[in-house]
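Spelled out, the chains give:
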Amino acid sequence: IEEKYNIVGVVTQPDRFVGRKKVLTMPDVKVEALKHDIPVIQPARIKEDYQDVVNLNPDLIITAAYGQIVPQGLLDAPRLGCVNVHASLLPKYRGGAPVHQAIIDGEEKTGVTIMYMVKKMDAGNIISQRETPIAYDETVETLYNRLGVIGADLLKDTLPSILEGTNASIPQDESLVTYSPTLSRDDERIDWNSTALQVYNKVRGMNSWPGTFTTYQGKTVKIWAGKVHQCENAMKHHAHQSNGTIVKVFKDAIGVKVSDGVYLITEFQLEGKKKMLVKDY
């Protein structure tokens, strides 16, 4: 809109019921499109229902975090093809959770890739990329928001060359491919047999969604933030205790034994309660 492109339509997920009161809510992108009188299409399954998009006769289709597989019939429709704004430095982290996975794996950098879409997921030729460092204390929420801005800026810079047909198009190196599948409930569970750093990365890599959890006295406890506490004394002192044992309670943290020391929980959420800092608890 800002760059004065002729946007012929927006495709987004159907309206969903949100929250405990089940309020029917429009996706943010639909709200924005309607403000500017742009037609909105919301197929439940675009695989089977994409003719309305073809009928718009677009020159180019751009997707970002759409969450559905775009069928070949639609990929073939636009004159200039389909491009995707993907939140990783491809060929690393193809798939549905690249931002989460980069933090969980302790990566020091990530970025955004704009690429051509092909039938195989996130496997198309790379048009442009921009990288950014990942801070040691960064969460998936802060990184996701930063990558959204980086992706928008990169798209603005890349679009003119795509429309003029002068853009780069580099095949991905298949030998370097890694995947970041959509997270399951089981992925959210903390494995106390991990190292303190692995637990730390997992917790911040799932904050603020979907969150990590453990169980205590038969109840689910969400862990929202913590710190690494590794020292030889801790290892020696607690060597006889099994991983996952609460070994020390501080004023502002709960120490849990892990494979190489102690992980300090600093913010958590008891079942049916709000998030709280350990010092307040």
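See above for the structure.
Analysis parameters
- Residues numbered from 1 in each chain as written.
- Predicted model: local features only at pLDDT ≥ 70, side-chain atom pairs only at ≥ 80, totals over all residues.
- Heavy atoms only, no water.
- Helix = DSSP H or I, 4+ residues; strand = E, 2+ residues; numbered from the N terminus.
- Buried < 20%, exposed > 50% of the residue type's maximum accessible area, 1.4 Å probe, protein only.
- Contact = heavy atoms within 4.5 Å.
- Areas by Shrake-Rupley, 256 points an atom, 1.4 Å probe, with all protein chains shown as cover.
- Lys, Arg positive; Asp, Glu negative; His and termini not counted.
- Charge placed at Lys NZ, Arg CZ, Asp CG, Glu CD.
- Pairing = 2+ DSSP bridges.
- Axes fitted to C-alpha atoms, helices over the stretch in contact; angles between N-to-C directions.

Student: Any details on the overall build of the protein? Residues and values, ideally.
Tutor: A count of helical and extended segments in the protein gives seven helices and 14 strands. Projected onto its principal axes, the C-alpha positions of the protein cover 70 × 45 × 30 Å. Counting across all 281 residues of the protein, residues that qualify as buried make up 42%. Contacts spanning at least 24 positions in sequence make up 58% of the contacts within the protein whose residues lie at least 6 apart. Approximately 16100 Å² of the protein is accessible, and the part contributed by carbon and sulfur atoms is 52%. Taken together, the 33 basic and 34 acidic charged side chains of the protein have centroids lying 8 Å from each other.

Student: So, the pairing of strand β10 (residues 219-229): which residues are in play, and what are the values?
Tutor: By the bridge criterion, five bridges tie strand β9 (residues 212-216) to β10 in an arrangement that is antiparallel. For T215, the partnering residue across the bridge sits in β10 and is T220. The antiparallel pairing of β9 with β10 creates a hairpin that spans two residues between the two strands, and Q217 there sits at a positive phi of about 50 degrees. Two strands pair when backbone bridges link them, and β10 and strand β13 (residues 261-270) are joined in this way by eight bridges, in the antiparallel orientation. Within β13, the position partnered with V228 by the bridge is Y263.

Student: Requested: an account of the sheet that holds strand β6 (residues 82-86), with residues and values cited.
Tutor: The sheet built from four strands is open, its strands ordered β5-β6-β7-β8 with mixed pairing. Each of the sheet's edge strands pairs with one partner strand only, and the pair in question is β5 (61-64) and β8 (126-133). Put simply, the sheet's adjacent strands are angled 15 degrees from each other on average, direction ignored. Pairing analysis gives four bridges linking β5 to β6, with the strands arranged parallel. For A64, the partnering residue across the bridge sits in β6 and is V85. Each of β5, β6, β7 (109-116) and β8 touches helix α5 (residues 140-164); the most contacted strand, β8, lies at about 150 degrees to it.

From the geometry alone we can't say anything about function, so treat these as descriptive.
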